[in-house]
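What follows is the residue order along each chain.
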Amino acid sequence: AALQGTQIHAPQIIDAAQETLRVPLEGPSTNEPAHSKARQIQTLPTSPSSGWKARVSVLRWGPATIVALPGEPFAQASLEIRRQLPSLTDAKVVAVLGYSDGCPGYFPACGEYALGGYEVEQAHRYYGMPSPFARGSLERLTHTAVELARSLRTAARHRANGHRQRPPATNTGQP
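Calculation rules
- Residues numbered from 1 in each chain as written.
- Predicted model: local features only at pLDDT ≥ 70, side-chain atom pairs only at ≥ 80, totals over all residues.
- Heavy atoms only, no water.
- Helix = DSSP H or I, 4+ residues; strand = E, 2+ residues; numbered from the N terminus.
- Buried < 20%, exposed > 50% of the residue type's maximum accessible area, 1.4 Å probe, protein only.
- Polar contact = N/O pair within 3.5 Å; in protein donor to acceptor, adjacent residues only side chain to side chain.
- Contact = heavy atoms within 4.5 Å.
- Core = buried A, V, L, I, M, F, W, Y, C linked by side-chain atoms within 4.5 Å.
- Pairing = 2+ DSSP bridges.
- Axes fitted to C-alpha atoms, helices over the stretch in contact; angles between N-to-C directions.

Here Thr89 is to be found in the loop between α2 (75-88) and β5 (93-97). Given the relative accessible area of 7%, Thr89 is considered buried. Of note is the side chain of Thr89, whose polar atom sits 2.7 Å from the backbone oxygen of Leu85. In this structure the side chain of Thr89 is engaged in a polar contact, spanning 3.2 Å, whose partner is the backbone nitrogen of Ala91. Setting aside residues up to four positions removed in sequence, Thr89 forms contacts with Ala149, Arg150 and Arg153.

What follows covers the nonpolar core. Counting 31 residues, the largest nonpolar core has Leu69, Ile81, Phe133 and Leu141 as its most contacted members. Secondary structure elements with two or more residues in this core: β1 (14-23), β2 (52-61), α2, α3 (118-126) and α4 (137-160). Ranked by residues supplied to this core, first place goes to α4 with seven residues. Ignoring sequence-local partners within four residues, the contact set of Leu69 consists of Val56, Ala77, Ile81, Val96, Leu97, Gly98, Tyr99, Ser100, Leu141 and Ala145.

In this section: the sheet that holds β2. As summarised here, the arrangement of the four strands in space is β1-β2-β3-β5, forming an open sheet in which the pairing is mixed. The two strands at the open ends of the sheet, each matched to only one other strand, are β1 and β5. Recorded for the sheet is a direction-independent mean angle of 15 degrees between the axes of neighbouring strands. As paired strands, β2 and strand β3 (residues 64-68) are joined by five bridges and run antiparallel to one another. Of the residues in β3, the one forming a bridge with Ser57 is Ala68. Relative to the sheet, α2 contacts β3 and β5, its axis offset from that of β5 by approximately 155 degrees.

Written as structure tokens, this is what we have:
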């Protein structure tokens, strides 16, 4: 069946970008049961004040763009990324992966916090996190992924026009 699939002809560009950002946590959980410490599956080095370091990676592989997000992102992230990328890039296929580069727990969409529930209020305990991720964390990851994908398109066009990419010049104050 795969051999009978539609072929997509596109420039064979391979490129990648990543960004690490600090994702804030909600305030410390006040209703943590004493027995929850025994059920934690891992202990992650973080505190509500420091947040958690999350890496977002984007790979451009010919006509496909692959986005890798940490943790268990709610479906809204994938839907939003797949909605935006075709109009911002020349991607023909967009795949969004969760559980990439660490799984500190759920990243709920902003609207889910008002509804509460396991993913928002309780799951962090079983991941060894001191509290859930702050509202807007999923949206920050989503925005970062979209911007990284957009930068790959710009870089790919620049190279396709025969220009070599160079790191930006920095002024160190020395001659």
